[in-house]
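What the coordinates show
Residue strings, one per chain:
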Amino acid sequence: MSTLLKVEGISKRFRGLLAVDRLSFEVPKGAIFAVIGPNGAGKTTLFNMIAGVYTPDGGTITFRGERIEGLTPDKVCRRGIGRTYQIVRPFPALSVEDNVIVGALLHRNGVVDARAHALDVLRRLDLYDKRAQLASSLTLPDRKRLEVARALATDPKLLLLDEVMAGLRPTETDRIVAILRELNRETGLTIVLIEHVMRAVMALAGQILVLNHGKPIAQGEPQAVVHDKAVIDSYLGAEALS
Amino acid sequence: MTMLGRLIDGVSVRVLILLGVLAVALLIAPLIAGDYLLTVLILILYFAYIGQAWNIMMGFAGQLSLGHALYVGLGAYTAAALYVHFGIGPWLGLLVAVPVAALAGAFIGFLAFRFKVGGVYFAILTIAVCEFARVGFDHLAWTRGSSGLFLPVSQYSGNDLWHLRGRPVMFYYILLAATALAFVGCRALLQSRIGYFWRAIREDEEAARSTGIDTFHYKMIAVVISASMTSFAGVIYAFYYNNLFPEQVFHISRSIEIILGPIVGGVGTLFGPILGAFVLTGLAEILNNVLAALGIDLPGAKQVFYGICLLFVIMALPDGVWPWLARRMGLSERSK
Ligand SMILES: Nc1ncnc2c1ncn2[C@@H]1O[C@H](COP(=O)(O)OP(=O)(O)OP(=O)(O)O)[C@@H](O)[C@H]1O
Ligand SMILES: [Mg+2]
C-alpha cells in the first residue's frame, strides 16, 4: 500500500513545553490509524500541525506526495484532509443540514448539489432525522457526529478524528465504530483517530501509535502495542489487558 | 429551477402574502400620504436600505462595522462633487462613487483581516477610518471643507430622474426600488454558496477555515458588497438634501443610526432591517409629535425618551422584533 501521510521529525514547542518532539510516522492509504497516549501527550497538537492550525517548529509533513506543513487550515482541507475538534465546534445557529452543506460546498458550486450530498452524508451518520434541528440543540454525541459529517462532506482523503467517542455510551460507541469501518471499507477513506476508548481503538485500528510527552513510545499492530511494557507502564495500566 | 423559483423556494405562503401586502402598501402610500408622512417614509426606506447593507457584514458574515457613515459620506461627496464641478449626473457619478466606497471598504478589510484585527478591534478600526475621513473632508478644499458642499436647487415642477432633481415622491420611489432590490439580493446571497460560507464564518471562524473556507476572501467580499451598497444610499442622500457637511455626514452618530434599525429588527434576518427602520423612525416621529402636542420643549427630552424606548425593546426582545413577530404570526423563520 502506498503512503498517504508521512510525518518526519516534527516538533512543536509552547514556550517552555515541548508538546511534540521530533515525531515521525507514516499512514498508508486506506488505513485506520490510531494515536493514543495519556492526557497532554501531544496528540491534539499533532493534529493541529497536520491540519494547518500550527506550523511545526521543525520537520516535514507530506500528504499525497506534497509538503503541507505551514499551509493554512483551509488549504489543508482543500488538499483533502478533514478534521473534527476534541472540543466540538459545529456552527451553533445553523441547522444540522446547513452545517453539513457548508462542508459539501467546498467542492460543489451549487447549493442544490451540495444539499443532496449533505443529506447522503447525514443518512450515513444517522443524523438524517435531525437535519432540521439547530446544531446548538443537539446532545454532545450528536454534535460529535455532526462534526464528522461536516468534515466528511468536504470529500476528504484523510479524516482526522479527535476523540469522537469520548462521553459516548457503549452502544453509541459501537455504532460509530460500525459507521467508520463501513466508510473505510466502502470509500477507501483513510482515518487517523485520537481515542482514549480502547474498545473502539482495538475494534478499528490496523496500526497504533502511542505518544507520551510528545514522543512515540510504541507503534505497531494493536495486539503487540497493548502488550508492550512501556505502554502499559505509562498509559494503559495492567487492567487494560484483562 | 428558475431564478424566481429558487428565490421563493422554501418561503411559506404566509410570508409571500405578507410581502405582497407590504409591497402594495408601499407602492400606493404616496398617493395617500401627505407631505409630512412622505418625508417620514423616505427616511424609513433610507434606513431600511442601509440597514440591509450593514446587515450583510454583521448579520451574515459576523463583522461588526461601527463606521458605515464612511461609505454613505464617500458616496455622497463623490457624486455631489462630480455634479458641482463637472456637471456629471448622479447615475454616472455612481460609477465613481461606488468604486471609491468599495476601495475604502477593501482597505479596511485588508488591514483588519490580513493582520487579524478582529471583534472589538475591528469595530474600532471602522470608527477610526470614518473619523479620519471626517477630519480629512473638513480640510479638503475640493469639497469646500467644513463650510459645506451645496448642490444647486430650484423649484422643480417635474421630476428629472436622470439628474435626480425633483420632488420627494421621486426619491421615495427610488428608495423603494433600492430597498426591494436589496431585499431580494440579500435573500439570493444568503441562499447561495457565499451566504453559507458567510454564516459559517459568523458562527465560528476557525471551524469555517478547517472546513476549507478561505475566510479572508469571503470577509473581503462581504465588506466590499456592503460598502458599495451603502454608497448608493449616500448618492441619494446628497441629491435629496442638497447639502453636505463633514461634521454631519461622517459623524459617529450617523454610523450608530445605521445599525440601530437592524439591531432592533433582528440582526441577520432579511426582514429585520426593514422592520427596524419602521419601528425606530416611526417611534422617533411619534415622540416628536407627542412631545410637541404636550408642549414639552426640554432640550434632549426626545433623545431621552427615544433611548428609554430603545432600551425597552432590546431588553424585551434581545434577538430583535422580527424573530418574535415571525413566531407570533406563525411564520417559521430561520435565517430568512
Ligand atoms: N495553544 C497552546 N498553548 C500552550 N500550551 C499548549 C497549547 N496547546 C497545547 N498545549 C500543551 O501542550 C501539551 C500537549 O497538549 P495536547 O492538547 O496536544 O495533548 P493531548 O494529547 O491532546 O491531550 P488530551 O488527551 O488531554 O486531549 C499539553 O501540556 C498542553 O497543555
Ligand atoms: Mg487532545
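Note: the structure precedes this text.
Here's what I pulled together on the structure shown here. (Residues numbered from 1 in each chain as written. Chains lettered and ligands numbered in written order. Predicted model: local features only at pLDDT ≥ 70, side-chain atom pairs only at ≥ 80, totals over all residues. Heavy atoms only, no water.)

Considerations on the overall build of chain A
Here is the rule: Secondary structure is summarised from DSSP: a helix means a run of H or I of at least four residues, a strand means a run of E of at least two, and numbering begins at the N terminus for each. We take the radius of gyration over the C-alpha atoms and set the globule estimate at 2.2 Å times the residue count to the 0.38 power. Between buried and exposed lies partly exposed: a residue is buried under 20% and exposed over 50% of the maximum accessible area for its type, with that area taken using a 1.4 Å probe on protein chains only. By the convention used here, residues are in contact when the closest approach between their heavy atoms is within 4.5 Å. The accessible surface values rely on the Shrake-Rupley method and a 1.4 Å probe; as for residues, cover is taken only from the protein chains in view. Charge counting treats Lys and Arg as positive and Asp and Glu as negative, with His and both chain ends excluded. Lysine's charge is taken at NZ, arginine's at CZ, aspartate's at CG and glutamate's at CD.
The helix and strand tally for chain A stands at nine helices and ten strands. The globule rule puts the C-alpha radius of gyration for 242 residues at 18 Å, and the 18 Å found for chain A is close to it. For chain A, the residues scored as buried account for 55% of the 242 residues in total. When contacts within chain A are restricted to residue pairs at least 6 apart in sequence, those whose partners lie at least 24 apart make up 64%. Total accessible area computed for chain A in this model is approximately 10,200 Å², and 50% of it derives from carbon and sulfur atoms. Across chain A, the mean location of the 32 positive side-chain charges is 3 Å away from that of the 27 negative side-chain charges.

Brief notes about the coordination of the magnesium ion (ligand 2)
Where a metal carries four tetrahedral donors, each ideal angle is 109.5 degrees; where it carries six octahedral donors, the ideal angles are 90 or 180 degrees. Residues and elements named next belong to chain A. The criterion, for reference: For Na, K and Ca the donor cut-off is 3.2 Å, and for all other metals it is 2.8 Å, counting N, O and S atoms only; because water is absent from this set, sites may look incomplete.
With distances of 1.9 to 2.0 Å, the protein atoms coordinating the magnesium ion (ligand 2) are Thr 44 (OG1) and Gln 86 (OE1). Residue Thr 44 is found in helix α1 (residues 43–50), and its partner Gln 86 is found in the loop between β6 (81–83) and α3 (96–104); the two are separated by 42 residues along the sequence. The exposure class of Gln 86 is partly exposed, given its relative accessible area of 33%.

Let's talk about the interface of chain B and chain A
Quoted interface sizes are often the accessible area lost when the parts come together. Just so we agree on the cut-off: Buried surface area refers to the total accessible area, computed with a probe of radius 1.4 Å, that the two partners give up upon joining, counted for both partners together. Just to be clear on terms, a salt bridge is a Lys or Arg side-chain nitrogen sitting within 4 Å of an Asp or Glu carboxyl oxygen.
At the interface, 20 residues of chain B touch 28 residues of chain A. When the buried surface of chain B facing chain A is broken down by residue, Arg 193, Tyr 196 and Thr 211 of chain B rank first, second and third, together holding 29% of it. In this structure, the connection of chain B to chain A is made through three salt bridges. Taking the shortest distance from any N to any O, the salt bridge between Arg 89 of chain A and Asp 204 of chain B comes out at 2.8 Å.

Concerning the packing of aromatic side chains
Any two aromatic rings considered together are summarised by their centre-to-centre distance and by the angle between their planes. Residue and element names in this part refer to chain B. Spelled out, the test is: Only rings of Phe, Tyr and Trp enter the pairing, Trp through its six-membered ring, and a pair is recorded when the two centres are within 6.5 Å. The plane angle decides the type: under 30 degrees is stacked, over 60 is edge-to-face, the rest tilted. The rule is short: NZ of Lys or CZ of Arg within 6 Å of the ring centre and within 35 degrees of the ring normal puts a charge over the ring.
Summed over the entire model, instances satisfying the criterion amount to 22 aromatic pairs over all chains. Seen from their ring centres, Phe 86 and Trp 142 are 6.4 Å apart, and the 45° between their planes marks the pair as tilted. On the criterion of sequence distance, the pair formed by Phe 86 in helix α4 (residues 69–86) and Trp 142 in the loop between α6 (119–138) and β1 (149–150) is long-range, its members being 56 residues apart. The exposed category is assigned to Phe 86, whose relative accessible area is 54%. Taking 4.9 Å as the distance between ring centres and 70° as the angle between the ring planes, the aromatic pair formed by Tyr 240 and Tyr 241 counts as edge-to-face. Members of the aromatic cluster, connected to one another through ring pairs, are Tyr 46, Phe 47, Phe 171, Tyr 237, Tyr 240 and Tyr 241. Directly above the aromatic system of Phe 216 lies the positively charged group of Arg 114, at a separation of 4.2 Å from the ring centroid. In this arrangement the basic side chain of Arg 199 is found over the ring face of Tyr 196, its NZ or CZ atom lying 4.7 Å from the centre.

Comments concerning a nonpolar patch on the surface
All names here are of chain B. Formally: Like charges are joined within 9 Å and nonpolar side chains (Val, Leu, Ile, Met, Phe, Trp, Tyr) within 5 Å, but only among residues with over 30% relative accessible area and no salt bridge; these make up the patches.
The grouping of Val 24, Leu 27, Ile 28, Leu 31, Ile 32 and Tyr 173 at the surface amounts to a nonpolar patch, some 610 Å² of accessible area in total. For the nonpolar patch, the leading source of residues is helix α2 (residues 13–32), giving five residues. Looking at the element boundaries, Tyr 173 is found in helix α7 (residues 168–191).

As for the side chain of Asn 184 of chain A
Relative to the helices and strands, Asn 184 of chain A is located in helix α6 (residues 170–187). Residue contacts for Asn 184 of chain A: discarding those within four places in its chain leaves Gly 30, Ala 31, Ile 32, Leu 189 and Ile 191 of chain A.

Some details on the pairing of strand β9 (residues 207–212) of chain A
All names here are of chain A. Selection criterion: Here a strand pair is declared whenever DSSP counts at least two bridges between the two strands.
Most of β9 is tucked away, with five of its six residues classed as buried. Where strand β3 (residues 32–36) meets β9, four bridges bridge the pair, whose relative direction is parallel. Residue pairing in the sheet places Ala 34 in a bridge with Ile 208 of β9. Across five bridges, the pairing between β9 and strand β10 (residues 215–220) is antiparallel. For Ile 208, the partnering residue across the bridge sits in β10 and is Gly 220.

Some details on the packing of helix α5 (residues 90–114) of chain B against α6 of chain B
Each packed pair of helices is defined by two parameters, the angle between the axes and the distance between the axes. All names here are of chain B. Going by this rule: Fitted lines through C-alpha atoms serve as axes, helices being fitted only where they are in contact, and the angles separating the N-to-C directions of these axes extend from 0 to 180 degrees. Here is the rule for angles: anything less than 35 degrees is roughly parallel, anything more than 145 is roughly antiparallel, 65 through 115 is roughly perpendicular, and the remaining ranges are oblique. Less than a right angle of anticlockwise turn of the near helix away from the far helix marks a crossing as left-handed, whereas a clockwise turn marks it as right-handed.
Contact geometry for α5 and α6: axes closest at 11 Å, N-to-C directions at 150°. If you check the angle between α5 and α6, you find them roughly antiparallel. Between α5 and α6 lies a crossing of right-handed hand. Along its contact with α5, which presents Ile 108, Leu 111, Ala 112 and Phe 113, the element α6 presents Phe 122, Leu 125, Thr 126 and Val 129.

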